[in-house]
Each structure stands twice: as structure tokens, then as C-alpha cells.
Amino acid sequence: MKAIFWDFDGTLVHRNNESFCALREALQLNGYMIDDSYIRAALHIAHPWNHWETSYEDQTGEKWWDRLFSKLSEFYEQHGVMEVDKVNSTYKKRILSFSCYTVYDDAALILEYCKKQGYLNYIISNNYPELPQAVEKLGLADYFSGYMISADIGFEKPRPEIFRQAIAMAGNPEICYMVGDNPVADICGAKEAGMRTILVHSARGLSEDADYNCESLAEITEIVK
């Protein structure tokens, strides 16, 4: 058995400012014009993937959203946001529209190639619990055998726990690759868990820790053939 684990944001889809744009829009629609720097700072504090050292196994799934909104409460109070429930509802709805994602042109072709080579594809991502819905909406769901999402288990990459649970979910494959664009979150934790690692879109910077550095997803075909 052999498997490839794929990061999502920045790897299969282009990086975007989805969370920031969603919160700024939610605030503005409810009458709050707050400087972008404060919004970015609040989201940095609120999003668990910026604080990967902390686990939250008792606050997963739908409770993940409650935890996020709780982390934003001080920001709301500081800036006089009174319609908190409306802002949170608008923010979540905007996030779950999945309208900001743009798939890399070669993503579907590479995923299909890997399947034909006998690999099972999995996503392992620091992300919202509803990520599988986004993957389906983007037309990529048929390429994947499963998902390991931080919001569902309470561990963020690069914590080795999320990689080890992913390997177990895949049935402990003999050959196991991790593909991602982040040298720390995707590469370091995966190597600690025993995976072979491929950094993609490496024009943004190489990783000495990665087993392979690829400028594009297409280059992966030379590794997994």
C-alpha cells in the first residue's frame, strides 16, 4: 500500500486572504469600519494554526467555531462591536461559501496521475471542519480517499500527532509522502512522523529539510512514477 498526503491551502489551491476578507466583510456589512491591521492581528490570535503548540481535543467539530468566536470576543469588545452574533454568522457564512478558492491548473491532473500510479490520496490540513465540502465544490473530491483536518482532531501541523493519526487512518502504508508548500507546517512534522516529504511551489523558497523541492505540482510525477 502507498499513499500521498496533500496540504490544501497554498498547495492544491492558491493562497488567499479568505479569513481576513470574510471578517472584514462581516464587520462592514454590520456597520463596523475597523482598520485592517487590527483585523489581521485578531485573526492571528484566534486561529489555532498560528499557535500549533496548543492542542484542543475537547473543542473540535462544531465546537471549533465556538472556540474561534470566543477568541475574537476581546477584539469585538475593544472595537465596540455590539452585534457579535450577526458578525460571527456573516463571517462563517462567507467562509463556508468557499468562493475564494482557486485550484492550481495542474492539481487535478497530478492527483489523477498519482491515483493511476496506485497511490491513495489524502488531505491533511490545518483548516475548518467543513473543508471536505470545499474540496467537493471544487470538483476534487473523487481523487481523495480521506481527510485529516486539524479542526476535527485538535492538533495543528507541524505537530507530529496529526501526521501519525493520518498514517494510521491510511492503514500504515509502506510508502508514504507528504506534499505541501510550508517548510515548517508541512515538512518538519511529516519528517518527524517518518514520511517522505515534497515541498512544492518552491520558487517561494527552498527547504533543506524536504526530501524533494519542486517548483510546480507537475514535477511530482518524476518522484512518484
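Residues numbered from 1 in each chain as written. Predicted model: local features only at pLDDT ≥ 70, side-chain atom pairs only at ≥ 80, totals over all residues. Heavy atoms only, no water.

A. Region of the structure containing the packing of aromatic side chains. Scanning the model with the defined rule gives 13 aromatic pairs in all. Considering the side-chain rings of W49 and W64, the 6.0 Å spacing of their centres and the 25° angle between planes classify their relative orientation as stacked. Residue W49 is located in the loop between helix 2 (36-46) and helix 3 (62-78), and its partner W64 is located in helix 3; the two are separated by 15 residues in the primary sequence. In this structure W49 comes out as partly exposed when scored by relative accessible area, which is 23%. Taken together through their ring pairs, the aromatic side chains of W49, W64, W65, F69, Y91 and Y128 make up a single cluster. Between the NZ or CZ atom of R40 and the centre of the ring of F20, over which it lies, the distance is 3.8 Å. (Phe/Tyr/Trp six-rings, centres within 6.5 Å; stacked < 30°, edge-to-face > 60°. Helix = DSSP H or I, 4+ residues; strand = E, 2+ residues; numbered from the N terminus. Buried < 20%, exposed > 50% of the residue type's maximum accessible area, 1.4 Å probe, protein only. Lys NZ or Arg CZ within 6 Å of the ring centre and 35° of its normal.)

B. Structural detail: the state of the cysteines. With the rule as written, the count across this model stands at zero disulfides. Not part of a disulfide, C100 finds its nearest cysteine sulfur in C21, a span of 5.7 Å. No disulfide involves C114; its sulfur sits 11 Å from the nearest other cysteine sulfur, which is in C214. Residue classification places C114 among the buried positions, given a relative accessible area of 0%. (Disulfide = S-S within 2.5 Å.)

C. Structural view of the pattern of salt bridges. If you walk through the whole model with that rule in mind, you get eight salt bridges. Note that D7 and K157 form a salt bridge whose closest N and O atoms lie 2.8 Å from each other. Of the two residues, D7 is situated in the loop between strand 1 (2-6) and helix 1 (18-29) and K157 in the loop between helix 7 (150-153) and helix 8 (160-169); the sequence distance between them amounts to 150 residues. Each member of the pair, D7 as well as K157, carries the same accessibility label: buried. As a salt-bridge pair, E161 and R159 come within 3.0 Å of each other at their nearest N and O atoms. Judged by relative accessible area, which is 24%, E161 ranks as partly exposed. On the accessibility criterion, R159 (13% relative accessible area) is buried. (Salt bridge = Lys/Arg side-chain N within 4 Å of Asp/Glu carboxyl O.)

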